[in-house]
Structure formats: structure tokens, C-alpha cells
Amino acid sequence: MAEAMTRTPEQIFHDHGQALGSGDLDRIGANYAEDAVFVTPSGVLRGREGVKRGIGALLGDLPNAAWELKPQFADDVLFLEWSAATVHARVEDGVDTFVFRDGLIQAQTVRYTLVAEEG
């Protein structure tokens, strides 16, 4: 894990985005600390397995989505405004906050509204 110690928040976020795009939950989990905290609208998930469950559920709601991300970094914190859309659903008001420590994501809060597309 020595490589993780040298990664900047920007590098971690870039790898996280690539893993999200491929749906690779193991790679996603590897970007989080073992004791990471993942706060979702439905509750708090802990550890890498909790993160993988939470992100897996989001990806399950938005298969093959088109994502739009607007990241704003401030030292070891990232504020991310985002949206995603599929033919069946879209996300409104997606906002995440990431806290980075020692080359990994230590904590993340997630807030979004999933809206079904009519048609």
C-alpha cells in the first residue's frame, strides 16, 4: 500500500471515477481506508465492504449512466456536485463530500435525489 501513501486527492478521485465507470467495486473499495465511513441518505455504512455496498446500490439504480461531475478540491477535502442519467432515471442535486487521508478516502457523504424518467 506504499503507493497509496503518495497519491494526491486528485489522483485518488481520478482512479475512483475510472472504477465507477467500469463498475469495478473491488477497485472502488481499494480507494477507501479500511475504516472508512460512508454516509448515505439511508444511513451510515462502515469500512470498505460498506462503501462497496453503498456504491453498488447507486450503480444498480443507474446502470450505464451518463455522469457529469464538478469537483472542487480544498487540500484534503473534495466537494463534488454531480448528476447522472439513464433512459429510466436521473439524479437531481447530487452532492458528495470526500475527506482524504494517507492516500485514501477516509470519509464520504452522499446526497442525491433519484427521479424516475416517465415514458
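None of the values given here were measured: they were computed from a predicted structure.

*Asks:* For this particular structure, what's the right way to read the overall build of the protein chain?
*Replies:* Tallying secondary structure elements over the protein chain gives four helices and six strands in all. The order of α-helices and β-strands along the protein chain, N terminus first, is α-α-α-β-β-α-β-β-β-β. Taking 14 Å as the expected radius of gyration for a compact globule of 119 residues, we find that the protein chain reaches 14 Å, a close match to that expectation. Its C-alpha atoms give the protein chain principal-axis dimensions of about 50 × 25 × 25 Å.

*Asks:* Help me understand the packing of aromatic side chains, please; the structure alone is not making it clear to me.
*Replies:* Given two aromatic rings, one states the distance between the centres and the angle between the planes to describe the pair. Under the criterion given, the structure shown has five aromatic pairs. A centroid spacing of 5.6 Å and a plane angle of 55° characterise the contact between Trp82 and Tyr112, whose relative ring orientation is tilted. In this pair, Trp82 is assigned in strand 4 (residues 77-85) and Tyr112 in strand 6 (residues 104-116), connecting sequence segments 30 residues apart. With relative accessibility at 6%, the residue Trp82 sits in the buried group. For Tyr112, a relative accessible area of 22% corresponds to the partly exposed category. Feature note: the residues Phe13, Phe73, Phe98 and Phe100 constitute an aromatic cluster, connected by ring pairs.

Rules and cut-offs
- Counting from 1, residues in each chain are numbered in the order their sequence is written.
- With pLDDT at 70 or above as the cut-off, local features in this predicted model cover only qualifying residues; side-chain atom pairs require 80 or more to be listed or tallied, and sums for whole chains, interfaces and linings still use all residues.
- Think of the side-chain values as coming from all heavy atoms in the structure, minus any hydrogens and water.
- Numbering of helices and strands runs from the N terminus, with a helix taken as a DSSP run of H or I at least four residues long and a strand as a DSSP run of E at least two residues long.
- Throughout, the radius of gyration refers to the C-alpha atoms, and the reference size of a globule is 2.2 Å times the residue count to the power 0.38.
- Pairing of aromatic side chains requires ring centres within 6.5 Å, counting the rings of Phe and Tyr and the six-membered ring of Trp. Pairs whose planes differ by under 30 degrees are stacked, by over 60 edge-to-face, and all others tilted.
- Remark: exposure states derive from per-residue accessible area (1.4 Å probe, protein chains only) relative to the maximum for the residue type, with buried under 20%, exposed over 50%, and partly exposed in between.

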